[in-house]
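# Tertiary structure, described
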Protein chains: 2
Amino acid sequence: MKVVKFGGSSVASAPQIDKVFNIIKSDPNRKFVVVSAPGKRFAEDTKVTDALIAYYNAVKNKGDVETSQNWLIDRYSEITTDLNLSDKIIEEIKNNILSLAELDVDNDVFAYDSFLAAGENNNAILIAEYFDNQGLKAQYINPKKAGIFVTEEPGDARLLDESNKKINELNDLDGVLVIPGFFGITEKGKICTFSRGGSDITGSIIAAGTNADIYENFTDVDGIFVAHPGIIENPESISEVTYKEMRELSYAGFSVLHDEALVPARLAGVPIVIKNTNNPNHPGTKITTERKDNSRPVIGIAAESNFASINISKYLMNREVGFGRKVLQSLEDNNIRFEHMPTGIDDLSVIIRSRFLTAELEEKVLTELQEALNPDELHLEKDLSVIVIVGEGMKEHIGVTSTATRALSDAGINLEMLSQGSSEVSVMFVVKGDQEKEAITALYDAFF
Amino acid sequence: MKVVKFGGSSVASAPQIDKVFNIIKSDPNRKFVVVSAPGKRFAEDTKVTDALIAYYNAVKNKGDVETSQNWLIDRYSEITTDLNLSDKIIEEIKNNILSLAELDVDNDVFAYDSFLAAGENNNAILIAEYFDNQGLKAQYINPKKAGIFVTEEPGDARLLDESNKKINELNDLDGVLVIPGFFGITEKGKICTFSRGGSDITGSIIAAGTNADIYENFTDVDGIFVAHPGIIENPESISEVTYKEMRELSYAGFSVLHDEALVPARLAGVPIVIKNTNNPNHPGTKITTERKDNSRPVIGIAAESNFASINISKYLMNREVGFGRKVLQSLEDNNIRFEHMPTGIDDLSVIIRSRFLTAELEEKVLTELQEALNPDELHLEKDLSVIVIVGEGMKEHIGVTSTATRALSDAGINLEMLSQGSSEVSVMFVVKGDQEKEAITALYDAFF
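Chain A has the name Aspartokinase in an unreviewed UniProt entry, where Floricoccus tropicus is given as its organism. Of the comments in the UniProt record for chain A, the one headed Sequence similarities (unreviewed entry) reads "Belongs to the aspartokinase family." In the Function (unreviewed entry) part of its UniProt record, chain A is described as follows: "Catalyzes the phosphorylation of the beta-carboxyl group of aspartic acid with ATP to yield 4-phospho-L-aspartate, which is involved in the branched biosynthetic pathway leading to the biosynthesis of amino acids threonine, isoleucine and methionine."

Below is the structure:
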């Protein structure tokens, strides 16, 4: 059996949902269908999830609730009309949307999650109905019935271990099962969402729980490219990638699959295939434990901008027990995640994502570090990019770092930092933001 | 004026002390002479400092005190006899050595330091007398008179800021001043030593305090080599090196000068020259702020063995605020200094010097980390070597890392880790211990 998940753009309109129907119909093994909320139909479109956030804010701030409600109802109504669904369905969706306004947004910590989850939930109801109308036996399964029980962490739910047994019982149900993505149910019956983009997680959970043969994740691209198509013209696409490689690529910008979605499938050994709803015959990219073709050392180049680095120098800092710990403590006290901490002999840098640094926090942290460490030098560098080259083949190809650094130096790119850790699946470079594109191009030319 | 410091082997015997005398006599600017305790005369010889440690232990444990005393008195007596010094001097030294046994070793925290300091102190008395006998106006100056006032940290003293004014007054004294290295005096008048090898520190302190033109540090080698002569046959010697480069080299095994000795001279802008007592006409190696010749990217290759690495993997570890801090906290709680913390995407390693890890501590730390972090993987790797290539010229020579990694990969050496920090004066490699020599050879061939 297969678990098939469709992203927002794949279920954004009647014609897209009809494509989904044809994909499911074409393969009787596609039994479990996880759906997102309607996404964008065109670049400037609003996602239903974003409209639900606006709706929540309107309720919370006693603003123009009605406009939000009408927009959402119209959005679904357009789809149900185009799909010739009965009025019963749009009535059900309408009532659901209107009822959200009655939630206790001031006291119920799960209220926000309930607003957001409505996007996926109504779409699942609608899609199951459409399948059935088209003569494909299908039913909507809500997360409670599906057995997706989660922790009480609004916006960041995690599956409870005991859920898997219940999820496995879905195998006993007849026909196609349409399950809304993105959220689960707490033991007390509250709706609680995964982190944003979490429909991928639901798909992975269902794939693991049902012991599926494969987890097909349908998006709007023909799989994964070795480098960003916005930077490299017509980059090669990747046919196979390991879970570990995928994780390292997704760390720096390969966002086609939610990070946390890898885990359940990986642990259960279910391969994931990234496919294109608009081009379903393309084989896509398969994510699995081991690649058949390991001849290439590097499988992909990922890059992400907007990193900052706090650079600290102090003579004989390695003699001071607690030096590095104090640096990280100060960040932790200010709730700033650090990404890397490369060290020289008497210097240490901490790489963080700039979005965690407000101007105020910046000053606070620098002042704290100055006081706690009495360093010889301390300064913040902004607008850095992290570039990661990834490939399990590196272990066998000893010269990868050298080829990469040669390519970068030949292109006149100055490495701010370079780190090759013990995983041997990736090498990380930090470059100035304005050299990011040149760096990616140089690395692409060297390895592909 | 010059400050001139002589290491243990330079003042180990009468013929050596006569060389010292000729060096001082040959240049009237050599006014301040800092001396070590008598060191080894041949490879299997015992250093006076080590004999003093044995003496201390004999007193402390009520062992064979007399043998220690006799050995020490004989050792000095041989020198005074060979130098034709009056009996008065050896009597003074004898009385000093015997009097140490009366120190309150059980309660006086400075007793150990007093034993150790006797090595330098008696040698300074002896050498000043010899200079004077030879017709060179000279006097012994004890650290109290010299103004070397230090913190109350036995075995790890630091100079008190207010000392410099007093030290500067040494300029007003006539003739050559012979000062024992290695120790200072607390404000309460107690003898307190710097860390072992600290005569270098005394020289640097005197050089800074007297505003000397130069600090000549005499050892038994013609300066510093670009790589260890035990590994590379006839390596080039370095004529000029910056303070910063010297520090980075000394981090990994270039132990010709005590780490802490760089600081006072560096802050006061006094250049240091490493020279050879046995070949005083060789220009040696000059350590200064800026090198004249910057044409070469790499000036030296340092290496040190016996590092260990704790390798930790956990999926999405970068999302966990506090992950890295907890790792370092556990080490700190066990009083283990960390050297580096290279990170990959979901893995983190901590490099430590193996000498800080007993088998017991090893197990304790691993257990604590397992409990605190719940990692996917956790293991300790031992017998690693850290190799550092150093050079201020790297900043201008963009391809250094690439040349180095190419050389290592061509030699079949697998990099366990690679880190290039923000200082841009060094690149650090971690390799398996049994590949250290091959790695150094490969890097030497690439850069020299």
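Right, let's talk about the packing of helix 2 (residues 48–60) of chain B against helix 3 (residues 65–82) of chain B for a bit. Residues and elements named next belong to chain B. Two elements in contact, helix 2 and helix 3, have axes whose closest approach is 8 Å; the angle formed by their N-to-C orientations is 155°. Between helix 2 and helix 3, the angle falls in the class roughly antiparallel. In the packing of helix 2 onto helix 3, the handedness of the crossing is left-handed. Contact residues: Val48, Ala51, Leu52, Ala54, Tyr55, Ala58 and Val59 in helix 2; Val65, Ser68, Gln69, Trp71, Leu72, Arg75 and Tyr76 in helix 3. Of the residues that constitute the contact of helix 2 with helix 3, the class distribution is 11 nonpolar, two polar and one charged.

Bringing the sheet that holds strand 1 (residues 2–6) of chain A into the picture now. Residue and element names in this part refer to chain A. An order of 3-4-2-1-7-11-12-10 is seen for the eight strands of this open sheet, with the pairing classed as mixed. Both edges of this open sheet fall to strand 3 (138–140) and strand 10 (240–242), since each of them pairs with a single strand only. Put simply, the sheet's adjacent strands are angled 20° from each other on average, direction ignored. Of the pairings in the sheet, the one linking strand 10 to strand 12 (residues 285–288) comprises three bridges and is parallel in character. Note that in strand 12 the partner of Thr242 across the bridge is Thr288. Contacts from helix 5 (residues 111–133) reach strand 2 (30–35), strand 3 and strand 4 (176–180) within the one sheet, and its direction differs from that of strand 4 by about 160°.

Within this structure, the stated rule accounts for 14 aromatic pairs over all chains. Ring geometry for A:Phe21 versus A:Tyr130: centroids 5.8 Å apart, planes at 70°, classification edge-to-face. Taken together, the positions of A:Phe21 in helix 1 (residues 14–25) and A:Tyr130 in helix 5 put the pair 109 residues apart, joining distant regions of the chain. The buried category is assigned to A:Phe21, whose relative accessible area is 3%. We classify A:Tyr130 as buried; its relative accessible area is 5%. Ring centres of B:Tyr56 and B:Tyr112 lie 4.8 Å apart, and the angle between their planes is 80°; on these two criteria the pair is classed as edge-to-face.

Bringing the layout of surface pockets into the picture now. By volume, the second largest pocket amounts to about 1500 Å³. Forming the walls of the second largest pocket are 40 residues, and the residues nearest its centre are A:Tyr315, A:Leu316, A:Asp376, B:Val263 and B:Leu267. When contributions to the lining of the second largest pocket are tallied by element, the ones reaching two or more residues are strand 13 (300–313) and strand 15 (377–390) of chain A together with helix 8 (199–209), helix 9 (243–251) and helix 10 (262–268) of chain B.

This part covers the domain arrangement of chain A. Residue and element names in this part refer to chain A. Under the domain assignment, chain A is made up of domain 1 (2–288) and domain 2 (300–447). Each of domain 1 and domain 2 has a C-alpha centre, and these two points are 35 Å apart. At the junction of the two partners, domain 1 supplies 16 residues and domain 2 supplies 22 residues. Of the roughly 1500 Å² buried at the junction of domain 1 and domain 2 (both faces included), carbon and sulfur atoms supply 65%. Among the residues domain 1 hides against domain 2, the three largest losses belong to Ile231, Glu248 and Tyr251. Together they make up 38% of the total. For the pair domain 1 and domain 2, the interface holds five residue pairs in polar contact (both at pLDDT 80 or more). Looking at the side of domain 1 that touches domain 2 element by element, the count peaks at five residues for helix 9 (residues 243–251). Tallied by class, the residues present in the side of domain 1 that touches domain 2 amount to nine nonpolar, three polar and four charged.

Let us look at the interface of chain A and chain B. The partner chain B presents 57 residues to the 57 residues of chain A that form the contact. For the pair chain A and chain B, the interface holds four salt bridges. With its nearest N and O atoms 2.5 Å apart, the salt bridge here joins B:Asp346 to A:Arg247. At the junction of chain A with chain B, the criterion picks out 13 residue pairs in polar contact (both at pLDDT 80 or more). Put simply, the parts of the chain that give the side of chain A that touches chain B at least two residues each are helix 9, helix 10 (262–268), helix 11 (323–333), strand 14 (347–353), helix 13 (400–410) and strand 16 (417–420) of chain A. Residue composition of the side of chain A that touches chain B, grouped by class: 17 nonpolar, 24 polar and 16 charged. As judged from the three bridges shared by strand 16 of chain A and strand 16 (residues 417–420) of chain B, these two strands associate in the antiparallel manner. In the strand pairing of strand 16 of chain B, A:Leu418 is matched with B:Gln420.

Moving on, we come to the pattern of salt bridges. All names here are of chain A. Enumeration over the complete set of coordinates arrives at 52 salt bridges over all chains. One salt bridge connects Arg41 with Asp45, and the closest N-O pair in it is separated by 2.7 Å. On the basis of relative accessibility, which here comes to 32%, the residue Arg41 falls in the partly exposed class. Salt bridges linked by common partners bring Lys2, Asp27, Arg30 and Glu216 together as one network.

If you rotate chain A by 180° and push it 0.1 Å along the axis, it lands on chain B with an RMSD of 0.2 Å. Here the transformation between the copies is reduced to the relation of a two-fold axis. The residues that chain A uses at the interface reappear at the interface of chain B in 100% of cases, marking a shared surface.

Turning our attention to helix 8 (residues 199–209) of chain A. An α-helix turns once per 3.6 residues; consequently, residues spaced three or four apart project the same way. Judged by how many residues are buried, helix 8 of chain A sits mostly within the fold: 11 of 11 residues are covered. For helix 8 of chain A, the set of buried residues is A:Ser199, A:Asp200, A:Ile201, A:Thr202, A:Gly203, A:Ser204, A:Ile205, A:Ile206, A:Ala207, A:Ala208 and A:Gly209.

Glancing now at helix 12 (residues 359–373) of chain B. Residue and element names in this part refer to chain B. With 15 residues, helix 12 extends 21 Å between its outermost C-alpha atoms, agreeing within 8% with the 21 Å of an ideal straight helix rising 1.5 Å per residue. Three or more residues of helix 12 are buried, namely Leu361, Glu362, Val365, Leu369 and Leu373. All buried residues of helix 12 lie within an arc of 105° about the axis, which places them on one face of the element. Facing away from the buried side of helix 12 by over 90 degrees, the exposed positions are Ala359, Glu360, Glu363 and Glu371. The inward-facing, buried residues of helix 12 abut strand 13 (300–313), helix 11 (323–333) and strand 15 (377–390). Positive backbone phi, at 45°, marks Asn374, one or two positions downstream of helix 12.

Membership of the largest hydrophobic core comes to 152 residues, with the highest contact counts inside it found for A:Ile389, A:Phe429, B:Ile389 and B:Phe429. Sequence-distant contacts of A:Phe429, that is, excluding residues within four places in its chain, are made with A:Ser385, A:Val386, A:Ile387, A:Ile389, A:Ala404, A:Thr405, A:Leu408, A:Leu415, A:Met417, A:Leu418 and A:Leu443. Within the second largest apolar cluster, 50 residues are counted, among which are A:Leu83, A:Tyr130, A:Leu136 and A:Val178.

Thresholds, definitions, all that
- Starting from 1, residues in each chain are numbered consecutively following that chain's sequence as written.
- Numbering of ligands from 1 and lettering of chains from A proceed in the order in which they are written.
- Local features in this predicted model are restricted to residues of pLDDT 70 or higher, and side-chain atom pairs are both shown and tallied only at a pLDDT of 80 or more, whereas totals for entire chains, interfaces and linings draw on every residue.
- As a rule here, side-chain values cover all heavy atoms of the structure and leave hydrogens and water aside.
- UniProt positions are given in the numbering used here, feature names are shortened, and annotations may be inferred rather than shown by experiment.
- With axes taken as lines fitted to C-alpha atoms, and helix axes fitted only over the stretch in contact, angles between N-to-C directions fall between 0 and 180 degrees.
- Strands here mean DSSP runs of E at least two residues long; helices mean DSSP runs of H or I at least four residues long; both are numbered from the N terminus.
- Throughout, the term roughly parallel applies to angles under 35 degrees, roughly antiparallel to angles over 145, roughly perpendicular to angles from 65 to 115, and oblique to all others.
- Handedness of each helix crossing follows the sense of rotation of the near helix against the far helix: counterclockwise by less than a right angle gives left-handed, clockwise gives right-handed.
- Only heavy atoms matter for contacts: two residues are in contact if any of them lie within 4.5 Å across the pair.
- Under the convention adopted here, Pro, Cys and the residues Ala, Val, Leu, Ile, Met, Phe, Trp and Tyr are nonpolar, Asp, Glu, Lys and Arg are charged, and Gly plus all remaining residues are polar.
- The pairing criterion is simple: DSSP has to find at least two bridges between the two strands.
- Two aromatic rings from Phe, Tyr or Trp, using only the six-membered ring of Trp, form a pair when their centres are within 6.5 Å; if the ring planes differ by under 30 degrees the pair is stacked, by over 60 it is edge-to-face, and anything between is tilted.
- Note on classification: 1.4 Å probe, protein chains only; a residue is buried when its accessible area is under 20% of the maximum for its type, exposed when over 50%, partly exposed between these limits.
- Here a cavity means grid points, on a 1 Å grid over the protein atoms only, where a 1.4 Å probe fits yet cannot get out; a pocket means an open set of points with protein on both sides within 12 Å along at least five of seven lines; lining residues are those with an atom within 4 Å of a point.
- Grid points are joined across faces, edges and corners, and a volume is the space filled by probe spheres set on the points.
- Throughout, the edges of the domains are those of an automatic or database domain assignment.
- Accessible-area loss on putting two parts together, using a 1.4 Å probe and summing over both, is the definition of buried area adopted here.
- Between N or O atoms, a polar contact is any pair within 3.5 Å; within protein, one atom must be a potential hydrogen donor and the other a potential acceptor, and residues adjacent in sequence are included only when both atoms are from side chains.
- A pairing counts as a salt bridge when a side-chain nitrogen of Lys or Arg comes within 4 Å of a carboxyl oxygen of Asp or Glu.
- Only residues with pLDDT of at least 70 in both copies count here: their C-alpha atoms drive the least-squares fit that superposes the copies.
- For a helix, the expected span equals 1.5 Å multiplied by the number of residues minus one.
- What the arc describes is the spread of directions from the helix axis to the C-beta atoms.
- The criterion is simple. A nonpolar core is a set of buried Ala, Val, Leu, Ile, Met, Phe, Trp, Tyr and Cys residues joined through side-chain atoms within 4.5 Å.

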